[in-house]
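Summary of structural features
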Amino acid sequence: MATANHHLQQQRPIVEARIRTLVNNDLKEICRAHNYQVSGNKAHLQARCIESEMYADNGVVLRKIINDNNQTAFDALSYQISHHGQEPPPSFSHVKTADTGFSSPTTASYSHTHHSRPLPAQGRSALGRLPPPGRLFKPSPFYEIIDNVLPFDYLPEYPQNRNTVNATLRLKEDAVRRLAGDSTLRLLLYCGIDTNLAPNSPPIDISFPSQIEVKINGDDVRSNFKGLKNKPGSTKPADVTDKVRRNTGYGNMIAITYALTTKQYIFGIQLARYCNATTLTERIKQGRFIPKQTVLDEMSKANSDPDIATTSVRMSLKDPISTLRITVPIRSDRCAHNQCFDGSMFMQLQEQAPQWLCPICNRTILFESLRVDKYFEDILNRTPKSTEKVDIEPNGEWHVIDTGDNARDNPPRGPRAAYDDDFDDEDDDVEIVEIKDEPPSATLSNGSFARSMALPAISQMTTPPVSSREASIAQQNTQGTKRPATVMPTVIDLISSDEDEPVRPAKR
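These figures come from a predicted structure and were not determined experimentally.

Details of the overall build of the protein
For the protein, the helix and strand inventory stands at 15 helices and 20 strands. With 508 residues in all, the protein has 37% of them scored as buried. Contacts in the protein between residues at least 24 apart in sequence constitute 70% of all its contacts with a sequence separation of at least 6. Accessible surface, the protein: about 30,500 Å² in total, of which carbon and sulfur atoms supply 49%.

Okay, structure coming up:
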């Protein structure tokens, strides 16, 4: 075992895992090709192909190939595993793992291993026909491609089960030095559907398989691989900078596991310079604009037809996305409308999920077509911040919407309901009775204090007229009361039951 090739030893666990996924017929074909018995169950067939103590004396297919340091036989076995046990054709020539068919002067080393089958024949030949790395995917103003550090390869279609593609990334000294000296440089994982690209084909959208897991050096890469639902092109490249060990020549192990794909994908890692939304907004403000006079000339030309009666147009000063007042009025020079949207808010949304659709007319626009509208900017500068809309006349003159127009936009509320009058104190004459507090005049037997209220004040609130009370007293005397009727001062216990509380006057 000491004489075995170190590279073959590294690939051995992967090949063993691939063999364990084969069915019995595939295992029998491999055993038959290497003059081994084809009898027995699946466990016996796997043992003959991999390694087991019961077959140690006779030798095993994989172990024997590694001990013999036979690279050609190792590649032939990989071909059999991927083609249901079929032997390679006579014209088969093994491809070294460092050869990808797409070379890059900045890439030190690269290797790939498929866990189920190698790249299809059309895939390997296609590697040479791909456009340059910077033009393979649709460009983005947020990323400026500097270099290709991991050559593009394929994720073959797998409609029924899982597959894992492994790669090794070794950064060269130049890439390591750049990453250390520039914090805006990032390592980005690009992926997209293979559409049989030709050198002059249009670039493709970034997209990943619906079920995908990416690991670098055993750590999971956390990224939004799906983008917005039913929105092609809204996916961003995955940032893997923090997962890659930036040491010259270090082998970063990349494992991409995916499943249930009916299309073939292309993937690779590129070194790019990142530019945030704030910086891009400043670029638009400083260098690209539509002059005010140009806007006025366009309005005059659009309204020059004598057969068409033109009227004023109401223009909103609020952004349609954030509903806040616009601060940087921009629009695309490809759009026909004069309505603008906020440049800062628009660029922030594109940074999160790129769609590049005009929020006014839903037309596809490019970053290069965005301009600051000076006519709209002049309106913002000459109106209060509370102004939300203006009326634009056919000749370009504008005026702030007056109160009458605001009343038309916001009609008054209808007549109040009848029950609202019960709570309106302004129209009712409410008699206010002032109650004066007096010092305590009695103490309860249990030690708690009671507050004594002045008799005249209480009588005004709760007692009937004097004539009524005298009649009541006379009636009590006629009934033969033993104890003389004596008028006692009224005492109200504030901590007793609710029965002793004074009755509030009824509302008029």
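Continuing now.
Quick look at the sheet that holds strand 16 (residues 389-392)
Pairing in this open sheet of three strands is antiparallel, and the strands run 12-16-17 from one edge to the other. Each end of this open sheet is capped by a strand with a single partner; those strands are strand 12 (313-316) and strand 17 (398-400). Ignoring strand direction, the axes of neighbouring strands in this sheet form an average angle of 30°. One ladder, built from four bridges, connects strand 12 with strand 16; its direction is antiparallel. Along strand 16, the bridge assignment pairs V313 with I392.

Considerations on helix 11 (residues 343-352)
Among the residues of helix 11, G343, F346, M347, Q350 and E351 are the ones counted as buried. Buried positions in helix 11, seen along its axis, are confined to an arc of 140° and lie on one side of it. Where helix 11 is buried, its residues meet strand 10 (265-274), helix 9 (277-287), strand 13 (329-332), strand 14 (341-342) and strand 15 (370-373). Measuring from the backbone nitrogen of S344 back to the side-chain oxygen at the start of helix 11 gives 3.3 Å, which picks out D342 as the cap.

Comments concerning the nonpolar core
Core analysis: the largest hydrophobic core is formed by 59 residues, its most contacted members being L171, L187, I269, M347 and L370. Contact partners of M347, with chain neighbours within four places excluded, come to F142, A277, L280, T281, W356, F367 and L370. Counting 18 residues, the second-largest nonpolar core is a separate cluster that includes I19, I30, C31 and I81.

Some thoughts on the packing of aromatic side chains
In total, this model carries nine aromatic pairs according to the counting rule given. Seen in terms of ring centroids, F142 and W356 are 6.3 Å apart; in terms of plane orientation they differ by 40°. Their pairing is tilted. Here F142, found in the loop between helix 7 (133-136) and strand 3 (143-155), pairs with W356, found in the loop between helix 11 and strand 15; they are 214 residues apart in sequence, far enough to count as distant. Residue F142 shares its accessibility class with W356, and that shared class is buried. Taken together, F142, F341, F346, W356 and F367 form an aromatic cluster joined through their ring pairs. Cation over ring: R288 sits above F367, and NZ or CZ is 4.5 Å from the ring centre. Against the face of F289 rests K374, its NZ or CZ located 5.6 Å from the ring centre.

A look at the packing of helix 10 (residues 292-302) against helix 12 (residues 374-381)
For the pair helix 10 and helix 12, interaxial distance at closest approach is 7 Å and the crossing angle is 110°. The angle between helix 10 and helix 12 places the two elements in the roughly perpendicular class. Contacts from K292, V295, L296 and M299 of helix 10 reach helix 12 at K374, Y375 and D378. Looking at the contact of helix 10 with helix 12 residue by residue, the class counts come to four nonpolar, no polar and three charged.

Structural notes on the pattern of salt bridges
Under the criterion given, the structure shown has 18 salt bridges. A salt bridge links K138 to D205, with the nearest nitrogen and oxygen atoms 2.9 Å apart. Taken together, the residues span a long stretch of sequence, with K138 in the loop between helix 7 and strand 3 and D205 in the loop between strand 5 (185-193) and strand 6 (211-216) at a distance of 67 residues. The exposure class of D205 is partly exposed, given its relative accessible area of 27%. A salt bridge links R186 to D242; the shortest N-O distance between them is 3.9 Å. You can see R186 sitting in strand 5 and its partner D242 sitting in the loop between strand 8 (238-239) and strand 9 (252-261), a full 56 residues away along the chain. Assessed through its relative accessible area of 64%, D242 is described here as exposed. A cluster of three or more residues bridged by salt bridges with shared partners is formed by E144, D182 and R273.

About the thresholds
Residues numbered from 1 in each chain as written. Predicted model: local features only at pLDDT ≥ 70, side-chain atom pairs only at ≥ 80, totals over all residues. Heavy atoms only, no water. Helix = DSSP H or I, 4+ residues; strand = E, 2+ residues; numbered from the N terminus. Buried < 20%, exposed > 50% of the residue type's maximum accessible area, 1.4 Å probe, protein only. Contact = heavy atoms within 4.5 Å. Areas by Shrake-Rupley, 256 points an atom, 1.4 Å probe, with all protein chains shown as cover. Pairing = 2+ DSSP bridges. Axes fitted to C-alpha atoms, helices over the stretch in contact; angles between N-to-C directions. Arc of directions from axis to C-beta. Polar contact = N/O pair within 3.5 Å; in protein donor to acceptor, adjacent residues only side chain to side chain. Core = buried A, V, L, I, M, F, W, Y, C linked by side-chain atoms within 4.5 Å. Phe/Tyr/Trp six-rings, centres within 6.5 Å; stacked < 30°, edge-to-face > 60°. Lys NZ or Arg CZ within 6 Å of the ring centre and 35° of its normal. Parallel < 35°, antiparallel > 145°, perpendicular 65-115°, else oblique. Nonpolar A, V, L, I, M, F, W, Y, C, P; charged D, E, K, R; others polar. Salt bridge = Lys/Arg side-chain N within 4 Å of Asp/Glu carboxyl O.

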